[in-house]
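# Summary of the model geometry
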Amino acid sequence: MDLGIEGRVALVTGGSRGIGRAAAEALGREGAHVVVGARGPEGVDAAVAALRDAGVTAEGIIVDMSDPHGPADAVTRAEALLGPVDIVVANAGGPPPGRFVDADDAGWDLAVQQNLLGTVRLIRAALPGMRSRGWGRIVTITSTSVREVIDGLALSNATRAGVAGAVRTLAREVAADGVTVNNVLPGPILTDRMRQLLSSQPDLDAAIAARGAQNPTGRVGDPAEVGDLVAFLASDRAAFVNGASVMIDGGESRVVG
Ligand code: NAD
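Residues numbered from 1 in each chain as written. Predicted model: local features only at pLDDT ≥ 70, side-chain atom pairs only at ≥ 80, totals over all residues. Heavy atoms only, no water.

## Side note on the pairing of strand β4 (residues 87–90)
Neither face of β4 is exposed, since I87 and V89 on one face and V88 and A90 on the opposite face are all buried. As paired elements, strand β1 (residues 9–13) and β4 share three bridges and run parallel to each other. Considered in β4, the bridge of L11 is made with V88. The sheet contact formed by β4 and strand β5 (residues 136–141) spans four bridges and is parallel. The partner of A90 across the bridge, within β5, is T140. Following the chain from β4 across helix α4 (residues 105–133) to the adjacent parallel β5, one finds a crossover that is right-handed. (Buried < 20%, exposed > 50% of the residue type's maximum accessible area, 1.4 Å probe, protein only. Helix = DSSP H or I, 4+ residues; strand = E, 2+ residues; numbered from the N terminus. Pairing = 2+ DSSP bridges. Right-handed = clockwise from strand over helix to strand, strands pointing away.)

## Things to note about the side chain of T180
Among the structural elements, T180 can be located in strand β6 (residues 179–186). Beyond its immediate sequence surroundings of up to four residues, T180 is in contact with G136, R137, I138, L233, A238, A239, V241 and N242. (Contact = heavy atoms within 4.5 Å.)

## Focus on the site of the ligand
Around the ligand, the surrounding shell holds 28 residues, and the nearest of these are S16, I19, A92, R160 and T191. One nitrogen or oxygen atom from the side chain of Q114 is found 2.8 Å from a nitrogen atom belonging to the ligand. Note that an oxygen atom of the ligand is positioned 3.5 Å from one of the backbone N or O atoms of D192. Isolated, the ligand exposes 820 Å² of accessible area, and the fraction of that covered by the protein chains is 94%. Residue assignment for the shell around the ligand shows that the elements contributing at least two residues are α1 (18–29) and α6 (192–197). (Near = heavy atom within 4 Å. Polar contact = N/O pair within 3.5 Å; in protein donor to acceptor, adjacent residues only side chain to side chain. Areas by Shrake-Rupley, 256 points an atom, 1.4 Å probe, with all protein chains shown as cover.)

## Examining the pairing of strand β2 (residues 33–38)
It is a general feature of regular strands that their side chains alternate between the two faces of the sheet. Summarising burial for β2: five of the six residues are buried, a large majority. Of the pairings in the sheet, the one linking β1 to β2 comprises five bridges and is parallel in character. Among the inter-strand pairings, L11 is bridged to a residue of β2, identified as V35. Bridge count between β2 and strand β3 (residues 58–62): five bridges; the pairing is parallel. Note on β3: the bridge partner recorded for V34 is A58.

## Overview of the pattern of salt bridges
For the structure on display, the rule yields 12 salt bridges. The shortest N-O distance in the salt bridge between D177 and R131 comes to 2.6 Å. Taken as a pair, D177 in the loop between α5 (154–174) and β6 and R131 in helix α4 lie far apart in primary sequence, 46 residues in all. On the accessibility criterion, D177 (25% relative accessible area) is partly exposed. A salt bridge links D192 to R195, with the shortest nitrogen-to-oxygen separation between them at 3.1 Å. Taken together, the residues span about one helical turn, with D192 and R195 both in helix α6 at a distance of three residues. (Salt bridge = Lys/Arg side-chain N within 4 Å of Asp/Glu carboxyl O.)

Rendered as structure tokens:
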């Protein structure tokens, strides 16, 4: 299937590692020109170098999604580097784990800034150009916790639900302008985030294998599998997929719908 995004410009935040990086690579493989954004220059440089080695037109920018000005600056700089942004993948690191009763205002504030408002601000900055050109794809990365909360991830559960609501609302507002907005809900995917969440276990490899054994597939997911889903949702072929929250969890969630 030709996804029809050759030459489209994509901005992927949180793109130096894990799911974001895999999304950048999948979009690049389909011929999109990719701007990778993350907080650390070394990670960004490495991701850009790998993309260029694979023949992708790629640039990097530094962005902190929790900074109120970060997302809008990212769009401005991405457009200065590669031209109008057609595809946005809104992604950042997840909030730290913890129970609801243990989270204080500072923790809530950072999670809301990084994982809810950061996404909102990024979309708001890219959207007017997409609408005026009559084509745009917005993909947010959240979690299966949108459907079924995960114990011990209070800040994540709450902020992801906010993103899902915003996506569903916006999708209906912008569909007539050729813009789609969709939400990807990863289950257990083997990235640094998962390694960090399992880091308290004495044997990390055994902990990863045990986590995989809880999944109907018997394994954890590969970031590239999520990247391919993102690329499809960002494609021309997915023009009628709008407002969806798409789970990619190997069938782990028991929730219907
Ligand atoms: P990761 O920690 O491996 O990578 C996160 C990326 O975001 C890195 O490139 C990091 O540099 C960047 N980043 C972190 N904070 C940032 C910020 N404030 N501004 C800009 N960039 C920032 O994480 P991942 O596993 O790839 O997860 C991506 C998202 O998906 C996270 O929000 C995570 O919580 C969520 N998620 C992951 C899993 C999983 O199993 N891996 C499952 C469900 C949801």
